[in-house]
Amino acid sequence: MSEIAKLQIGENTYEFPLVKGTEDEVAIDVKTLRGATGGVITIDPGFKNTGSCQSAITFLNGEEGVLRYRGYSIEELAEKADFLEVAYLLIFGELPTQEQLDKFYNDILDNAIVDDDIKKIIDAFPKNSHPMGILSSLTSALTAFNPSSVNVDSEEDMYNAIVKIMGKFPVLVAWTMRKVKGLPLNYGSRKIGYVENVMKMMFEKPNEDYEINPIVRDALDKLLILHADHEQNCSTSTVRIVGSSHAGLFASISAGISALWGPLHGGANQAVLEMLEAIKADGGDTKKYMGKAKDKEDPFRLMGFGHRVYKNFDPRAKIIKVAADEVLDDLGVEDPVLDIAKGLEQEALSDEYFVKRKLYPNVDFYSGIIYRAMDIPVEMFTVMFALGRLPGWIAQWREMRLRKEPIGRPRQVYTGENYRPFVKINKR
Ligand code: SDX
């Protein structure tokens, strides 16, 4: 393939270099386009054909259903690694030695306490607040309590900010759920692991010695790994663009949480369960809901289906579907919505509308069924997604800052009024 792209505008031909990645992806480098052409820019709503950066963190091939973190397949990592190990891999680029992992975790534990005044902020929220709103606010509030973690430039300062949020975020996640459930706010322990601490802080009852259920622990660990990163999705792009203004790591993560909240993105896992419950309440009539999903006049979409990049199975959905069967079976949980979900999937996979548009189950389609079996409230599902995605957001923010990337500031094509003189109000 030639190393350049040629663009013809009117009588003029312009040449732009091609950028080729390590997986043979090719991009046209248009950074000189506007200057070379006297003002012509590209436009691509939703950035469906536009790369925002070069990145060495996650590779996915949507046509083939491939997902790798730093070159390791999601299938192997979900099977053989644990979440903190994967977090280290995503953030620092290599699987850690035991010594490196131990130091990382100890540094995280040293930062796993939050300022007690955070409790006053939690108290101020109405009991029925959506947990994503609580989490986004508390994460932003961390900036107020940790001002030194705002505009960090050195790798050492970045590392300190990273272990701070890796330590404090699980506390905020757990306290968000305890606020929703009306339980006292508690802490973890230095004697147990990262995921075990999440479980202890979320599920421990004040009047009992909490025991870790290994089935739940393994399932939660796997779910967090599967959610850990996904290249330049909506919330990660948000973290990168907010971080590009040097607003700091906590503020960037808080912005990412808000972007993830949307039902077209991470909020879909909550929307899937609500959809499945609605279908169950409606007598399990999946055909009716398939018809609604295909009806252009009906705003209803089959939540948990379709993906901007995957035009084949989302490899994460495949793993989660198997895990859902295993976890519910191991926990002895019968959940009729799992059968409804499987029925919907089977119908969609043989329905021309879905096949033609290459709409397959995505990461959100089955995950909520497992969270519910773990007694996690449905409005907390997207918070769990955020807990998993945290190391990915951190890794992408760190890569952007270390590469000293410019502040993100897209252009536009103006389509409003041309110049017109001001008219006094008594003349309008
Ligand atoms: C995540 O980007 C990431 O990597 C995200 C994520 C991550 O890990 O960060 O993978 C996590 O966000 C997963 C996606 C969760 N969202 C949902 O499950 C919500 C339901 N899905 C859709 O809203 C939709 O599929 C999107 C938002 C996920 C993708 O939308 P696109 O790429 O903008 O595609 P589109 O809306 O242009 O749809 C193309 C066609 C349209 O029909 P036509 O106009 O061509 O006739 O497919 C149709 C759409 O109407 N379509 C659906 C559908 N999804 C797309 N029709 C019915 N049900 C659906 N779910």
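Residues numbered from 1 in each chain as written. Predicted model: local features only at pLDDT ≥ 70, side-chain atom pairs only at ≥ 80, totals over all residues. Heavy atoms only, no water.

K.L.:
If you had to explain the packing of helix 11 (residues 249-261) against helix 18 (residues 381-402) to someone new, which residues and values would you point to?
P.N.:
Between helix 11 and helix 18, the least distance of the axes is 10 Å, while the angle of their chain directions is 135°. Considering the angle they form, helix 11 stands oblique to helix 18. At the point where helix 11 passes helix 18, the crossing takes the right-handed sense. Touching Leu249, Ser252, Ile253, Gly256, Ile257, Leu260 and Trp261 of helix 11 are Thr382, Phe385, Ala386, Leu390, Trp393, Ile394 and Trp397, all from helix 18. Class assignment of the residues belonging to the contact of helix 11 with helix 18 gives a composition of 11 nonpolar, 3 polar and no charged. (Axes fitted to C-alpha atoms, helices over the stretch in contact; angles between N-to-C directions. Helix = DSSP H or I, 4+ residues; strand = E, 2+ residues; numbered from the N terminus. Parallel < 35°, antiparallel > 145°, perpendicular 65-115°, else oblique. Left-handed = near helix turned anticlockwise from the far one by under 90°. Contact = heavy atoms within 4.5 Å. Nonpolar A, V, L, I, M, F, W, Y, C, P; charged D, E, K, R; others polar.)

K.L.:
A description of the pattern of salt bridges should follow, citing residues and the corresponding values.
P.N.:
Across all of its chains, the model carries 28 salt bridges by this definition. Between Arg190 and Asp110 there is a salt bridge whose closest N-O contact spans 3.0 Å. Here Arg190 is found in the loop between helix 7 (155-181) and helix 8 (194-203), whereas its partner Asp110 is found in the loop between helix 4 (98-109) and helix 5 (118-124), with 80 residues between them in sequence. Across the salt bridge formed by Asp153 and Arg401, the nearest N and O atoms sit 2.7 Å from each other. Within this pair, whereas Asp153 is found in the loop between helix 6 (131-145) and helix 7, its partner Arg401 is found in helix 18, the two being separated by 248 residues in sequence. Here Arg401 falls in the buried class, since its relative accessible area comes to 5%. In the salt-bridge network here, residues are joined through shared partners; they are Glu196, Arg217, Asp218 and Asp221. (Salt bridge = Lys/Arg side-chain N within 4 Å of Asp/Glu carboxyl O. Buried < 20%, exposed > 50% of the residue type's maximum accessible area, 1.4 Å probe, protein only.)

K.L.:
Please set out the nonpolar core residue by residue, giving values where relevant.
P.N.:
Counting 118 residues, the largest nonpolar core has Tyr69, Met166, Phe169 and Ile376 as the members making the most contacts within it. In terms of residues, this core owes the most to one element, helix 7, which gives 13 residues. For Tyr69, the residues in contact, after removing those within four places along its chain, are Ile57, Thr58, Ile74, Leu77, Val86, Leu89, Leu90, Ile225, Leu226, His227, Ala228 and Asp229. (Core = buried A, V, L, I, M, F, W, Y, C linked by side-chain atoms within 4.5 Å.)

K.L.:
Got a sec to walk through the pairing of strand 1 (residues 4-9)? Specific residues and values, please.
P.N.:
Both strand 1 and strand 2 (residues 12-20) contribute to a ladder of 6 bridges, which runs antiparallel. In the sheet register, Ala5 faces strand 2, and the bridge partner there is Phe16. (Pairing = 2+ DSSP bridges.)

K.L.:
How would you sum up helix 17 (residues 364-373)? Please name residues and give values.
P.N.:
Most of helix 17 is tucked away: 9 of the 10 residues are buried. For helix 17, the elements touching its buried residues are helix 9 (214-226), helix 12 (268-281), helix 14 (315-331), helix 15 (336-349) and helix 18. Phi for Asp375, located one or two positions after helix 17, is positive at around 65°.

K.L.:
Just give me the short version of helix 15, but keep the residues and values in it.
P.N.:
Its 14 residues place the ends of helix 15 20 Å apart at the C-alpha level, agreeing with the 20 Å of an ideal helix rising 1.5 Å per residue. Taken together, the buried positions of helix 15 are occupied by Val337, Leu338, Ile340, Ala341, Leu344, Glu345, Glu347 and Ala348. Buried-residue contacts for helix 15 involve helix 12, helix 13 (286-294), helix 14, helix 16 (352-356) and helix 17. (Expected span 1.5 Å × (residues − 1).)

On their own, these measurements won't tell you what the molecule is for.
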